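# Coordinate inspection notes
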Amino acid sequence: MSINDKYVYDIEIDTMQDAKDMVAIATKLQGKIVLKSGSKFSVNAKSLLGVLLAKKLNWSDMTIEMDNDYYHEFEKFIAC
């Protein structure tokens, strides 16, 4: 879904391997890719430390926000 010229999707990161896989995908893509929890917290999705922190803090309303629509690349993490 597009919000303010950004593509935003609800996501779930269940395991450590999911976090590693997400970072591996994000680092290969162009543009800014950020994980957010509400309006308070955000981390760079290309940073393994940032993604692990988000997983450790159990953000319940985690979204991914991207400049470009990479839905298919992150499809396995997008919550239905």
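Use the structure listed above.
Quick look at the structure, then.

Rules used in this analysis
Residues numbered from 1 in each chain as written. Predicted model: local features only at pLDDT ≥ 70, side-chain atom pairs only at ≥ 80, totals over all residues. Heavy atoms only, no water. Helix = DSSP H or I, 4+ residues; strand = E, 2+ residues; numbered from the N terminus. Rg over C-alpha atoms; globule rule 2.2 N^0.38 Å. Buried < 20%, exposed > 50% of the residue type's maximum accessible area, 1.4 Å probe, protein only. Contact = heavy atoms within 4.5 Å. Areas by Shrake-Rupley, 256 points an atom, 1.4 Å probe, with all protein chains shown as cover. Lys, Arg positive; Asp, Glu negative; His and termini not counted. Charge placed at Lys NZ, Arg CZ, Asp CG, Glu CD. Expected span 1.5 Å × (residues − 1). Arc of directions from axis to C-beta. Axes fitted to C-alpha atoms, helices over the stretch in contact; angles between N-to-C directions. Left-handed = near helix turned anticlockwise from the far one by under 90°. Nonpolar A, V, L, I, M, F, W, Y, C, P; charged D, E, K, R; others polar.

### Quick look at the overall build of the chain
When its secondary structure is counted, the chain shows 2 helices and 5 strands. By the compact-globule yardstick of 12 Å for 80 residues, the chain fits well, its C-alpha radius of gyration being 11 Å. Referenced to the eigenvectors of the C-alpha coordinate spread, the extents of the chain come out at roughly 30 × 25 × 20 Å. The proportion of buried residues among the 80 residues of the chain is 36%. Contacts in the chain between residues far apart in sequence, at least 24 positions, make up 65% of those at least 6 positions apart. Here the chain has roughly 5,100 Å² of accessible surface; of this, 50% comes from carbon and sulfur atoms. Across the chain, the mean location of the 10 positive side-chain charges is 9 Å away from that of the 12 negative side-chain charges.

### Notes on helix H1 (residues 16–27)
Its 12 residues give H1 an end-to-end C-alpha distance of 17 Å, which sits within 8% of 16 Å, the value for a rise of 1.5 Å per residue. Of the positions making up H1, those classed as buried are Asp18, Ala19, Met22, Val23 and Ala26. Each buried residue of H1 sits inside an arc of 130° when the element is viewed along its axis, so together they form one side. Elements in contact with the buried residues of H1: strand E3 (33–37), helix H2 (48–56) and strand E5 (62–66).

### Thoughts on the packing of H1 against H2
When two helices pack together, their arrangement is given by the angle between the helix axes and the distance between those axes. Where H1 meets H2, the axes come as close as 9 Å, and the angle between the chain directions of the two elements is 145°. As for how H1 packs across H2, the hand of that crossing is right-handed. Here Met16, Ala19, Lys20 and Val23 of H1 lie close against H2, whose contacting residues are Leu48, Val51, Leu52 and Lys55. For the contact of H1 with H2, the residue count by class is 6 nonpolar, no polar and 2 charged.

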